[in-house]
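# Coordinate analysis (summary)
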Amino acid sequence: MSSTTPPGSIRHILEVDDLSADELLQVLDLSGDPNPPKVLEGKGMALLFEKPSARTRHSMEMAVVQLGGHPVTVAAAEVGIDQRESAEDVARTLACFHAAIGARVKSHSLLERMATVSSVPVVNMLSDQAHPLQALADLLTVKQEFGEISGRRIAFVGDANNVSRSLAIGAGLAGAQFVISGPPGYQFESTNLDRIAATGGAAEVVDDPFEAVTGAHVVYTDVWVSMGEEAQASEKIDAFAGRYSVSKALMGQAAADAIFLHCLPANPGQEASEEILYGPQSRIWQQAENRMHAARGLLAWLLGVS
Ligand code: CP
Ligand code: NVA
């Protein structure tokens, strides 16, 4: 931690592919260690939220504590980003006191601006574009369940959003197959497909959710309307409803040992039925707990190994 470290030499985690494939595997290995080196002993981490959170705030705070550090959570409105002072000066200020900065932001560009000037690592705790901490926990869950991630087929039924994009990138790096099924107009753009391809993986995009989940080891969904998209809610619900819900019939097309994942929070009865969300194939609570283990693994790597 030093406000004099040149910003350009710092590793930031704004998306999963800020890690190489090897580094991702190292982070997942470290995530399985309940007692890694106390890389935050006597140090702080600032956790800045522009949007609500349950899992991310709690998992990050506890990960910081488990690494010997002290988390300071602050609502962005209290800081007054770009009102009281610029995002750049907020980052420079927080770097005077903390070993790392986590931020959950409305616009991904805000994270990029902070990372450009920050002399300590900036970690994306969810933006409109990416949710890398979620993808790390998801991949950890797949690893725990199947022993290895490589070669597994992950089917995402739903929106081409922050969660599916980060998961597709992480799956590519980890050697898993990734297929996404959503209505036309809500599928990955070519720039997303190019970024996923750069991992060495590929995202299959299909309209038919039954085709997507056939033989899948993991069936994943997320809300149709993400935080910040409230104005498009009725249009998006109309586009997804009736076809892109994970039902018992849809889950029945997946592999016999398939698991169901959801980043949460969920709308039971919308993107997934209650019997799937809370049923025997669901691993949503293991996945939620893994947010803490993955956060601890990532911070242990970022502040201790990288
Ligand atoms: N999955 C997730 O990020 O949950 P929160 O929004 O509650 O942090
Ligand atoms: N796609 C959702 C994920 C919430 C954890 C959102 O951005 O609101």
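Look above for the structure.
Each value, and the rule that gives it
- Residues numbered from 1 in each chain as written.
- Chains lettered and ligands numbered in written order.
- Predicted model: local features only at pLDDT ≥ 70, side-chain atom pairs only at ≥ 80, totals over all residues.
- Heavy atoms only, no water.
- Core = buried A, V, L, I, M, F, W, Y, C linked by side-chain atoms within 4.5 Å.
- Buried < 20%, exposed > 50% of the residue type's maximum accessible area, 1.4 Å probe, protein only.
- Helix = DSSP H or I, 4+ residues; strand = E, 2+ residues; numbered from the N terminus.
- Contact = heavy atoms within 4.5 Å.
- Phe/Tyr/Trp six-rings, centres within 6.5 Å; stacked < 30°, edge-to-face > 60°.
- Near = heavy atom within 4 Å.
- Polar contact = N/O pair within 3.5 Å; in protein donor to acceptor, adjacent residues only side chain to side chain.
- Nonpolar A, V, L, I, M, F, W, Y, C, P; charged D, E, K, R; others polar.
- Salt bridge = Lys/Arg side-chain N within 4 Å of Asp/Glu carboxyl O.
- Areas by Shrake-Rupley, 256 points an atom, 1.4 Å probe, with all protein chains shown as cover.
- Arc of directions from axis to C-beta.
- Pairing = 2+ DSSP bridges.
- Axes fitted to C-alpha atoms, helices over the stretch in contact; angles between N-to-C directions.
- Right-handed = clockwise from strand over helix to strand, strands pointing away.

Let us look at the nonpolar core. Core analysis: the biggest nonpolar cluster contains 57 residues, and Leu24 and Phe178 have the highest contact counts within it. In terms of residue count, helix α6 (residues 132–146) provides more of this core than any other element does, eight residues in total. Ignoring any residue separated from it by four or fewer positions in sequence, one finds phenylalanine 178 in contact with Ile154, Phe156, Ser164, Leu167, Ala168, Ala171, Phe188, Ala202, Ala203 and Glu204.

Here we take up the packing of aromatic side chains. By the definition in use, this model includes five aromatic pairs. Consider the rings of tyrosine 186 and phenylalanine 240, whose centres lie 5.4 Å apart with planes at 45°: the pair is tilted. Residue tyrosine 186 is found in the loop between β6 (177–181) and α8 (190–197), and its partner phenylalanine 240 is found in helix α10 (residues 233–240); the two are separated by 54 residues along the sequence. Residue tyrosine 186 shares its accessibility class with phenylalanine 240, and that shared class is buried. Seen in terms of ring centroids, tryptophan 224 and phenylalanine 240 are 5.7 Å apart; in terms of plane orientation they differ by 15°. Their pairing is stacked. You can see tryptophan 224 sitting in the loop between β8 (218–221) and α10 and its partner phenylalanine 240 sitting in helix α10, a full 16 residues away along the chain. The class for tryptophan 224 is buried, based on a relative accessible area of 1%. In this structure phenylalanine 240 comes out as buried when scored by relative accessible area, which is 0%. Three or more aromatic residues link up through ring pairs in this structure, and these residues are Tyr186, Trp224, Phe240 and Tyr244.

This part is about the site of ligand 2. Every residue near ligand 2 is listed here: Leu126, Asn161, Asn162, Val163, Asp222, Val223, Ser226, Met227 and Leu264. Taking aspartate 222, its side chain carries an N or O atom lying 2.7 Å from a nitrogen atom of ligand 2. Contact distances for ligand 2 include 2.8 Å between an oxygen atom and a backbone N or O atom of methionine 227. Residues belonging to the shell around ligand 2 are distributed by class as follows: five nonpolar, three polar and one charged.

The tally for this structure, following the rule as stated, stands at eleven salt bridges. Arginine 283 is the salt-bridge partner of glutamate 145, the closest N and O atoms lying 3.1 Å from each other. Separated by 138 residues along the polypeptide, glutamate 145 in helix α6 and arginine 283 in the loop between α12 (274–277) and α13 (284–305) bring together distant segments of the chain. In this structure, lysine 236 engages aspartate 159 in a salt bridge whose closest nitrogen and oxygen atoms are separated by 2.5 Å. With a gap of 77 residues between them, lysine 236 in helix α10 and aspartate 159 in the loop between β5 (153–157) and α7 (162–174) connect regions that are remote in the sequence. Just as lysine 236 is buried, aspartate 159 falls in that class too. A cluster of three or more residues bridged by salt bridges with shared partners is formed by Asp82, Glu88 and Arg113.

As a further point, take the site of ligand 1. Around ligand 1, a shell composed of Ser53, Ala54, Arg55, Thr56, Arg104, His131, Gln134, Cys263, Leu264 and Arg291 is seen. Between ligand 1 and serine 53 there is a distance of 2.7 Å, counted from an oxygen atom to a side-chain nitrogen or oxygen. Starting from 260 Å² of accessible surface for ligand 1 in isolation, the protein chains cover 95%. Looking at the shell around ligand 1 residue by residue, the classes come out as three nonpolar, four polar and three charged.

Okay, helix α4 (residues 87–97) next. Of the residues making up α4, those classed as buried are Ala87, Glu88, Val90, Ala91, Leu94 and Ala95. Each buried residue of α4 sits inside an arc of 160° when the element is viewed along its axis, so together they form one side. Residues of α4 that are buried in the fold lie against β1 (44–49), α3 (76–79), β3 (100–104) and α5 (108–117).

The next thing to look at is the sheet that holds strand β7 (residues 203–206). Read across the open sheet, the five strands follow the order β7-β6-β5-β8-β9; overall the sheet is parallel. Two strands in the sheet have a free side with no partner beyond their single neighbour: β7 and β9 (259–262). Between one strand and the next, the sheet's axes are offset by a mean angle of 20°, whatever the strand orientation. The sheet contact formed by β5 and β6 spans five bridges and is parallel. Opposite arginine 153, over in β6, you have glutamine 177 as the bridge partner.

The buried fraction of β1 is high, at six of six residues. Where the polypeptide runs from β1 across helix α2 (residues 55–66) and back to strand β2 (residues 70–75), its parallel neighbour, the crossover connection is right-handed.

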